[in-house]
Amino acid sequence: MQKLIIHGGTPLSGEVYISGAKNAALPILCASLLTRETLRIENVPHLKDVITMMGLLEQIGINISIDKKFGISLTAAHLSSLVAPYEMVKTMRAAILVLGPMLARAGKAKVSLPGGCAIGLRPVDQHIKGLRAMGAKIDIEHGYIHAKANQLIGTHIVMDIVTVTGTENLMMAATLADGTTVLENAAREPEVTDLANCLVSMGAKIYGAGSGIITIEGVKSLHSTTYQVMPDRIETGTFLVAAAASGGEIHLKKTRVDILDAVLDKLVESGAEIESGEDWISLKMNNALKSVSLRTSPYPAFPTDMQAQFMVLNSVAEGTAIITETIFENRFMHAQELKRMSACIEVEGNTAVVRGVTNLDGASVMATDLRASASLVLAGLIAQGETIIDRVYHLDRGYERIEEKLSWLGAKIKRIN
Ligand code: EPU
């Protein structure tokens, strides 16, 4: 199993580009199921989850070709196997995103239930509820969702909870439904909007994406297009926190500033100086790092996918921060590992109290999920001495060329087998 070895203590400085967003690329890949024609996607990040998703789509019958710049062309002329097997779904929950499009396009789908995961229970009841409301017959048997519908029917769906992939699944299904679907209490995450923009360029009629009410007028068929995936806002935020916590100065290119307000506000509160243009962000840390309390919530509020990274920042900041996690029940696994690096953190239920200490100490730690892994890398970068991170495969699911990019910024980081 691969490990990362980091020698901490160097402030990160320099310039790095941001990759395409994992959580936009995954649903957009699945959108290819909705048409017989070719969907070409650019700016797709080269990540483990993307490779897993392409493997699943190939099993379903999609023809995939990849060019030198990792531009991906997907043609779903014939779907040969309408199944997402347990082996795939258990390694990547986003595989649930084939359910809506397969059902809408082929009238049938069999998708494994994902089950719980390292960060929470993560049920998919809202995906199922929405598809049933659109007329699908759904049975759960032997751990699988068996869905059937000759023709999905547009309807009004009020989602009980804000769910990102739930909104994406239903939005994709509704593009080919008969009539108009209204999704109320829809997720407003930028990745949902990016998927909607791709679907619109394939001929879908979608209004209100990015707001809490999305209206989809079903059409008979979708067509070919070329689409550029948005930049990854969580990768952007992770690099910004790395620079702030290490007292560095960085310039991020090929990113977007308009979708990061909650994160940038917290960085400014922590003492960072930030400048930005439409597609770049610079951060300089001249001041003492101050602790920042935060509460995760659906977009546009503070993202759960940045909570672990800010826990590291708070570990070495002046003062005490209160971090409240409201999205997932079990997303503080990194706290225990950070404590092994001398961080002062008390967790009680969904709240963590972080008292800043002068230094973290390098230690051997274990990654438990994607963002927890990112937080351990950040901790290693600012700790004194050597940090060894085990189970780095979590990191490879969501951060493209992470050690290479960090090395460009002066980090002393290498991967060993
Ligand atoms: N939920 C339900 N029922 C449902 C669906 C969700 O109760 O049918 C609950 C979940 O258990 C959770 C909350 O609703 O407590 C929100 O979950 P959501 O469905 O929004 O999460 P997701 O769609 O499974 C996506 C991202 C996650 C990100 C969350 C929240 C993708 C592929 N994944 O997950 O990304 O944390 O939204 O923003 O888009 C990551 O990249 O590290 C990651 C975990």
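The structure displayed is predicted, hence computed values, not measured ones.

(A) Representation of unusual backbone geometry. Cis geometry marks the peptide bond from Tyr 299 to Pro 300; its omega dihedral reads 15 degrees. Within the secondary structure, Pro 300 sits in the loop between β18 (294–295) and α10 (307–315). One non-glycine residue with positive phi stands out, namely Asn 43, at about 60 degrees. Along the chain, Asn 43 turns up in the loop between β3 (38–42) and α2 (48–60). Non-glycine residue His 142 carries a positive phi angle of around 50 degrees. Among the secondary structure elements, His 142 is positioned in the loop between β8 (137–141) and β9 (144–148). Classification of His 142 by relative accessible area gives exposed; the value is 80%.

(B) Main features of the packing of aromatic side chains. As enumerated under the stated definition, the model contains two aromatic pairs in all. Measuring from centroid to centroid gives 6.0 Å for Tyr 17 and Trp 408, while their planes differ by 40 degrees, and the two rings are tilted. Within this pair, whereas Tyr 17 is found in strand β2 (residues 13–17), its partner Trp 408 is found in helix α14 (residues 402–408), the two being separated by 391 residues in sequence. Residue class for Trp 408 comes out partly exposed when judged on its relative accessible area of 40%. Measuring from ring centre to ring centre gives 5.1 Å for Phe 302 and Phe 310, while their planes differ by 85 degrees; the resulting arrangement is edge-to-face. Taken as a pair, Phe 302 and Phe 310 share a single burial class, namely buried. When the ring centre of Tyr 17 is taken as reference, the NZ or CZ atom of Lys 405 above it lies at 4.3 Å.

(C) Just the side chain of Asp 232, in detail. With respect to the helices, strands and loops of the structure, Asp 232 is situated in the loop between β14 (225–228) and α8 (233–246). Within the local environment of Asp 232, its side chain forms a polar contact with the backbone nitrogen of Glu 235, the two atoms lying 3.0 Å apart. Excluding residues within four positions of it along the chain, Asp 232 makes contact with Ile 18, Ser 19, Gly 20, Ala 21 and Lys 22.

(D) Focus on the site of the ligand. The environment of the ligand is made up of 21 residues, and the closest members are Gln 126, Thr 163, Thr 165, Asp 305 and Ile 327. Within the side chain of Arg 331, one N or O atom sits 3.4 Å away from an oxygen atom of the ligand. One of the side-chain nitrogen or oxygen atoms of Arg 371 is found 2.7 Å away from an oxygen atom of the ligand. Alone, the ligand offers 830 Å² of accessible surface; in the complex the protein occludes 88% of this. Put simply, the parts of the chain that give the shell around the ligand at least two residues each are α1 (22–31), α5 (125–133), α6 (164–175) and α12 (370–382). The element contributing the most residues to the shell around the ligand is α5, with three residues. In terms of residue class, the shell around the ligand is made up of nine nonpolar, six polar and six charged.

What counts as what
- Residues numbered from 1 in each chain as written.
- Predicted model: local features only at pLDDT ≥ 70, side-chain atom pairs only at ≥ 80, totals over all residues.
- Heavy atoms only, no water.
- Helix = DSSP H or I, 4+ residues; strand = E, 2+ residues; numbered from the N terminus.
- Buried < 20%, exposed > 50% of the residue type's maximum accessible area, 1.4 Å probe, protein only.
- Phe/Tyr/Trp six-rings, centres within 6.5 Å; stacked < 30°, edge-to-face > 60°.
- Lys NZ or Arg CZ within 6 Å of the ring centre and 35° of its normal.
- Polar contact = N/O pair within 3.5 Å; in protein donor to acceptor, adjacent residues only side chain to side chain.
- Contact = heavy atoms within 4.5 Å.
- Near = heavy atom within 4 Å.
- Areas by Shrake-Rupley, 256 points an atom, 1.4 Å probe, with all protein chains shown as cover.
- Nonpolar A, V, L, I, M, F, W, Y, C, P; charged D, E, K, R; others polar.

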